[in-house]
Amino acid sequence: MDDTFKALVINKDEDKITANFNTLTQDDLMDGDVEVDIHYSTLNYKDGLSITGKRQIARVMPLIAGIDFSGIVTKSTNPDFQPGDKVVLNGYGIGETHHGGYAQKARVKAEWLIKLPDDMDLETAMGIGTAGYTAMLSLMALQNHGVTPQDGPILVSGAKGGVGSTAIALLAHNDFEVIALTRDLQHVDYLKNLGASEVMTSEQFSQKPPMLGKTLYAGGIDCVGSSILANMLTQTKYNGAVTSCGLAMGAEIPITVAPFIFRNVALLGIDSVQTPKHKRVTAWQRLNSELSLEKLSSMTFLANFDELPKLAEDIMAGTLRGRAIIKIKS
């Protein structure tokens, strides 16, 4: 029986990071107690950084890229999983310290895996992917902080990206008024169809913020960082909150402590990599019941495995709208 499989491998050639399709065998896989045939993965901003070499995401090399996947269990020595189980994996270091989702096979630890709801298929799971899962974690954080629809509108930055698009749909489903921030206003119809009541150019949020701005918003979900996050915080109402899950614009925040000590505004960090399993299960259960499949379809498209390098360039250039579902299984 042929145990070879195709994988997109990150390596280093002298000082240059490379990404190439290689043929591997089962012996190349890392330790784990569950083996999976991967059917789908996605393209996330972190994956774009890794494939293009713009930032060293892989901490060991050579390493299979891809920070998430969905697939079918083929072998397990853990009683929690049986061959035939539909599973999804987000984070836990895959694509960074452990072989990731851009391969036709994986061997991983059982505690990293989530069984999919019976009525969710593998393609839908990766239509949601890490971006949709992160969006739900952001919504849960706002709600756990006590932010309600009655408190006022919620800003979403990076609105046409994977996290932003899904966040808009989820917020709208939960009766929040959503204001989408995007640098390209040609996507207004797309964002309003997802549930945004208003679309604003992010340019006005890109300037250096005042110490305190007008209190206009109950909170926000920020996917880009830097000045946009700072401006969102300075315009958040008393006791509001803004979640932070991305740094496409930069990791530094040009802000004073004024919003935090004068308005009791909270900055809530969203980590999708090491999130405890019970919270992951809740997030996936809520995604299954709260995310419209029609809206999900409008923000995703299916791409072949071989298209990944070109798509990685597109996501880094900011020209990719919504989410690319990568069909791994041939």
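Here goes a summary of the coordinates provided.

Definitions and limits used
- Residues numbered from 1 in each chain as written.
- Predicted model: local features only at pLDDT ≥ 70, side-chain atom pairs only at ≥ 80, totals over all residues.
- Heavy atoms only, no water.
- Pairing = 2+ DSSP bridges.
- Helix = DSSP H or I, 4+ residues; strand = E, 2+ residues; numbered from the N terminus.
- Axes fitted to C-alpha atoms, helices over the stretch in contact; angles between N-to-C directions.
- Contact = heavy atoms within 4.5 Å.
- Phe/Tyr/Trp six-rings, centres within 6.5 Å; stacked < 30°, edge-to-face > 60°.
- Buried < 20%, exposed > 50% of the residue type's maximum accessible area, 1.4 Å probe, protein only.
- Lys NZ or Arg CZ within 6 Å of the ring centre and 35° of its normal.
- Parallel < 35°, antiparallel > 145°, perpendicular 65-115°, else oblique.
- Left-handed = near helix turned anticlockwise from the far one by under 90°.
- Nonpolar A, V, L, I, M, F, W, Y, C, P; charged D, E, K, R; others polar.
- Patch = residues over 30% accessible without salt bridge, like charges linked within 9 Å, V, L, I, M, F, W, Y side chains within 5 Å.
- Areas by Shrake-Rupley, 256 points an atom, 1.4 Å probe, with all protein chains shown as cover.
- Salt bridge = Lys/Arg side-chain N within 4 Å of Asp/Glu carboxyl O.
- Core = buried A, V, L, I, M, F, W, Y, C linked by side-chain atoms within 4.5 Å.

Turning our eyes to something else, we now look at the sheet that holds strand S12 (residues 217-222). Within the open sheet, the six strands sit side by side as S11-S10-S9-S12-S13-S14. Their pairing is parallel. Where the open sheet ends on each side, the last strands, each with one partner, are strand S11 (198-201) and strand S14 (266-269). Taking each pair of neighbouring strands and ignoring which way they run, the sheet shows an average axis angle of 20°. Here helix H3 (residues 162-173) sits on the sheet and contacts strand S9 (154-156), strand S10 (178-182) and S12; the angle it forms with S9, its principal contact strand, is near 160°. Taken strand by strand, helix H5 (residues 226-234) contacts S9, S10, S12, strand S13 (236-244) and S14, and its axis lies near 155° from that of S13.

Under the definition given, this model contains three aromatic pairs. Between Tyr-133 and Trp-284, the aromatic rings sit 6.5 Å apart at their centres with planes inclined by 15°, giving stacked as the arrangement. Here Tyr-133, found in helix H2 (residues 122-145), pairs with Trp-284, found in helix H7 (residues 277-290); they are 151 residues apart in sequence, far enough to count as distant. By the burial criterion, Tyr-133 is buried, and Trp-284 matches it. For the cation-ring pair, Lys-6 lies above Phe-21, with the distance from its terminal atom to the ring centre recorded as 4.7 Å.

Here we come to the packing of H2 against H3. For the pair H2 and H3, the least separation of the axes is 8 Å and the interaxial angle reads 50°. With respect to H3, the element H2 is oriented oblique. The handedness of the crossing between H2 and H3 comes out as right-handed. Residues Ala-131, Gly-132, Thr-134, Ala-135, Met-136 and Leu-139 of H2 pack against Gly-162, Val-163, Thr-166, Ala-167, Leu-170 and Leu-171 of H3. Split into classes, the residues belonging to the contact of H2 with H3 amount to eight nonpolar, four polar and no charged.

Time to look at the sheet that holds strand S1 (residues 5-13). Overall, antiparallel pairing links the three strands, which are arranged S2-S1-S4 in an open sheet. Strand pairing shows two members of the sheet lacking a second neighbour, strand S2 (16-24) and strand S4 (63-64), which therefore form its edges. Two strands pair when backbone bridges link them, and S1 and S4 are joined in this way by two bridges, in the antiparallel orientation. Of the residues in S4, the one forming a bridge with Val-9 is Ile-64.

There is a patch of nonpolar side chains on the surface, built from Met-211, Leu-212, Val-257, Ile-261 and Phe-262 and spanning about 510 Å² of accessible area. Take Val-257: it is sitting in the loop between S13 and helix H6 (258-262). Residue classification places Val-257 among the exposed positions, given a relative accessible area of 53%.

So, on to the pattern of salt bridges. Counting across every chain of the model gives eight salt bridges. Of the charged contacts, one joins Asp-306 and Lys-6 as a salt bridge, the two residues approaching to 2.4 Å between their closest N and O atoms. One end of the pair, Asp-306, is in the loop between strand S15 (300-304) and helix H9 (308-317); the other, Lys-6, is in strand S1, with 300 residues separating them in the sequence. Judged by its relative accessible area of 52%, Asp-306 falls in the exposed class. Across the pair Lys-115 and Asp-85 runs a salt bridge, and its minimum N-O distance is 3.8 Å. Linking Lys-115 in strand S8 (residues 114-115) with Asp-85 in the loop between strand S5 (68-76) and strand S6 (86-90), this pair joins segments that are 30 residues apart in sequence. Judged by its relative accessible area of 44%, Lys-115 is partly exposed. Residue class for Asp-85 comes out buried when judged on its relative accessible area of 18%.

Our next topic: the nonpolar core. Core analysis: the biggest nonpolar cluster contains 50 residues, and Ile-168, Leu-171, Leu-191, Trp-284 and Leu-287 have the highest contact counts within it. For this core, the elements supplying multiple residues, two or more each, are H2, S9, H3, S10, helix H4 (188-194), S12, S14 and H7. Here this core gets 13 residues from one element, more than from any other, and that element is H2. Other than its neighbours up to four places away in sequence, Leu-191 contacts Ala-159, Lys-160, Ile-168, Ala-180, Thr-182, Ala-196 and Val-199. Among the nonpolar cores identified, the runner-up in size contains 44 residues, and Val-36, Ile-64, Tyr-102 and Ala-324 belong to it.

The quantities given are spatial measurements derived from coordinates; they are silent on function.
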